[in-house]
Every structure is written in structure tokens, then in C-alpha cells.
Amino acid sequence: DIQMTQSPSSLSASVGDRVTITCRASQGISNSLAWYQLKPGKAPNLLLYAASRLESGVPSRFSGSGSGTDYTLTISSLQPEDFATYYCQQYYSTPYTFGQGTKLEI
Amino acid sequence: QVQLVQSGAEVKRPGASVKISCKASGYTFTSYYMHWVRQAPGQGLEWIGIVTPIGGTTTYAQKLQGRVTLTTDTSTSTVYMELSSLRSEDTAVYYCARDGSGSYSWFDTWGQGTLVTVSS
């Protein structure tokens, strides 16, 4: 199985800050990486796929980059609604696996 | 719009089985595979498996192999997940999620989640 190591596990930031979350795969995954936002009591929300493609309807302050084994999610200017938990996920091979999550707090 | 609506919360005894439904609407059901994912309390996301809408071909996470069954009903655009021999560690919110590209990719639409509680 491909292990996904996400960091940091938690992050304190303020509105307007730029934040970066990283995800490292245990082997190359050829940009087969997605990022999701989770809020309590709500369905998870797809933010990006193919490492850097923004899902329709997702604000452009979200961006993704990376290649091989190392990937990043960047939020350019935090908004109040962005405080949530974020997960990376590889879909290069089954079983699909997720990072441990990053809780973004005020 | 694309929508996945899941059945309601369940409380089960250890050793019992649970079957959750996920009704799809707003798109051509037969064109997209469906995944299931779960999240135990205070834990991260765990992929359970994938099912094709036609033919019902499945791939399961090895951890749950033998206890989980994914099926589809194309007449009602509904996907089902059945988990047997329930244990306390199966307590989680279970989600269905549509495959974003149609087959073996990201998850672009998720159901609202179904809480399954396993307790004696």
C-alpha cells in the first residue's frame, strides 16, 4: 500500500494568512493526488485533483503543486470559511489512501 | 445537480450486519463508478472499496475483504454497502463518493454520510 504522510497535523493561522500543507507519498504517484476539505457534519468537499487542477466552483485562492512523491496545497489568503480539516489522497493505485489530515485553526 | 443521498443512522450489536444505501441523481448513473469511505470518531479517512455501476465489479480494501459487499441497482440508481460481523471499531461515518473521472480516480461528489454505531 502507498503511505501518505501529511504535515503539519495542525496549524494555527489568521484570516489573510498564506498557508501551505504538504503531502509525501511512499512512492511516486504521477500527480494522482487529490485534496479535500472536511467540516464537521458536512460532506467532504473536493478542492483539487491531478495535483493542481482546481475543481469547478472552488475559489482560486486554493492551489496545488508537486510531482513524484511530494505535493503541496496552498491557500493564498485565508478566509473565515477555510478553517477546516484538509486531507490529501492518492488514487495512483488501490487501496486508495489518505494522509492523516491537517486541522487548520484560528 | 449531482446528488448522493444516503440512508439514515444505524445502531447495531457486535456481530450483526448493516446495509447502507446511497441513491444517486442528477447524472447518468451507469457512467460513473462509486467508492465508499469511512471515518471513525477522531480518526482520518479510510477507503473501503469501489463498485462499477454495470456488472457490479468490485475492489475492496484488504482490511475489510470478506466482511464488506458493495452492490448496485441500476433501476433505482442506488448503491449499497453491507458490512457484516460488526465490531466496535467499525463505528464510523460511512460515505459514498462518486468517482470524478468515471473510473478509478478522485471523488468529486460525496453523500452526506451515515453514522453506524456498533455497541452492545
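In this text, all values refer to a predicted model and were calculated from it rather than measured experimentally.

Considering the state of the cysteines
Residues and elements named next belong to chain A. For the structure shown, the criterion picks out 2 disulfides over all chains. Bridging Cys-23 to Cys-88, the disulfide has an S-S length of 1.9 Å. Linking Cys-23 and Cys-88, the disulfide has an S-S dihedral of approximately 55 degrees and is accordingly described as right-handed. Placement of the pair is Cys-23 in strand β3 (residues 19-25) and Cys-88 in strand β9 (residues 85-90), with a sequence separation of 65 residues.

Side note on the pairing of strand β9 (residues 92-99) of chain B
Residue and element names in this part refer to chain B. Of all 8 residues that make up β9, 7 are buried, and the element is covered over most of its length. As paired strands, strand β4 (residues 34-39) and β9 are joined by 6 bridges and run antiparallel to one another. Its bridge partner lying in β9, Trp-36 is registered against Cys-96. Examined bridge by bridge, β9 and strand β11 (residues 114-118) share 3 bridges and lie antiparallel to one another. When the sheet's bridge partners are listed, Ala-92 is paired in β11 with Val-116. Where β9 and strand β10 (residues 107-110) come together, 3 bridges link them in antiparallel fashion. Its bridge partner lying in β10, Ala-97 is registered against Trp-110.

A closer look at unusual backbone geometry
A negative phi angle characterises most non-glycine residues, just as the trans form characterises most peptide bonds. Residue and element names in this part refer to chain A. Across the junction of Ser-7 and Pro-8, the peptide omega takes the value -5 degrees, indicating a cis bond. With respect to the secondary-structure elements, Pro-8 resides in the loop between β1 (4-7) and β2 (10-12). For the bond running from Thr-94 to Pro-95, omega is 0 degrees, close enough to zero to count as cis. Take Pro-95: it is sitting in the loop between β9 and β10 (97-98).

What about the pattern of salt bridges?
Tallied over the entire structure, the rule returns 10 salt bridges over all chains. For Arg61(A), the salt bridge identified is with Glu81(A), shortest N-O distance 3.4 Å. With Arg61(A) in the loop between β6 (53-54) and β7 (62-67) and Glu81(A) in the loop between β8 (70-75) and β9, this pair connects stretches of sequence that are 20 residues apart. The partner of Arg67(B) in a salt bridge is Asp90(B), with the nearest N and O atoms 2.8 Å apart. One end of the pair, Arg67(B), is in the loop between β6 (58-60) and β7 (68-73); the other, Asp90(B), is in the loop between β8 (78-83) and β9, with 23 residues separating them in the sequence. Across the pair, exposure class does not vary: Arg67(B) and Asp90(B) are buried alike.

What to know about the sheet that holds β8(A)
All names here are of chain A. As summarised here, the arrangement of the 4 strands in space is β1-β3-β8-β7, forming an open sheet in which the pairing is antiparallel. With partners counted over all chains shown, the strands left at the sheet margins are β1 and β7, one partner each. On average, adjacent strands in this sheet sit at an angle of 15 degrees to one another, irrespective of strand direction. Sheet topology places β7 next to β8; 6 bridges connect them, and they run antiparallel. Counterpart to Phe-62 in the pairing with β8 is Ile-75.

Describing the pairing of β4(B)
All names here are of chain B. Among the 6 residues of β4, 6 are classified as buried, and the element is accordingly described as predominantly covered. Inspection of the sheet shows β4 paired to strand β5 (residues 45-51) by 6 bridges, in the antiparallel sense. Note on β5: the bridge partner recorded for His-35 is Ile-50. Once β4 ends, the chain turns through 5 residues before running back antiparallel as β5, passing Gly-42 with a positive phi of about 70 degrees.

As for the environment of Ser76(A)
Residue and element names in this part refer to chain A. Assignment of secondary structure puts Ser-76 in the loop between β8 and β9. Looking at Ser-76, the relative accessible area reads 34%, which means it is partly exposed. Taking the C-alpha atoms as reference, Ser-76 lies 18 Å from Leu-38; in sequence the two are 38 residues apart. Filtering out sequence-adjacent residues up to four positions away, Ser-76 remains in contact with Gly-16, Asp-17, Arg-18 and Arg-61.

Conventions adopted
Residues numbered from 1 in each chain as written. Chains lettered and ligands numbered in written order. Predicted model: local features only at pLDDT ≥ 70, side-chain atom pairs only at ≥ 80, totals over all residues. Heavy atoms only, no water. Disulfide = S-S within 2.5 Å. Helix = DSSP H or I, 4+ residues; strand = E, 2+ residues; numbered from the N terminus. Buried < 20%, exposed > 50% of the residue type's maximum accessible area, 1.4 Å probe, protein only. Pairing = 2+ DSSP bridges. Salt bridge = Lys/Arg side-chain N within 4 Å of Asp/Glu carboxyl O. Axes fitted to C-alpha atoms, helices over the stretch in contact; angles between N-to-C directions. Contact = heavy atoms within 4.5 Å.

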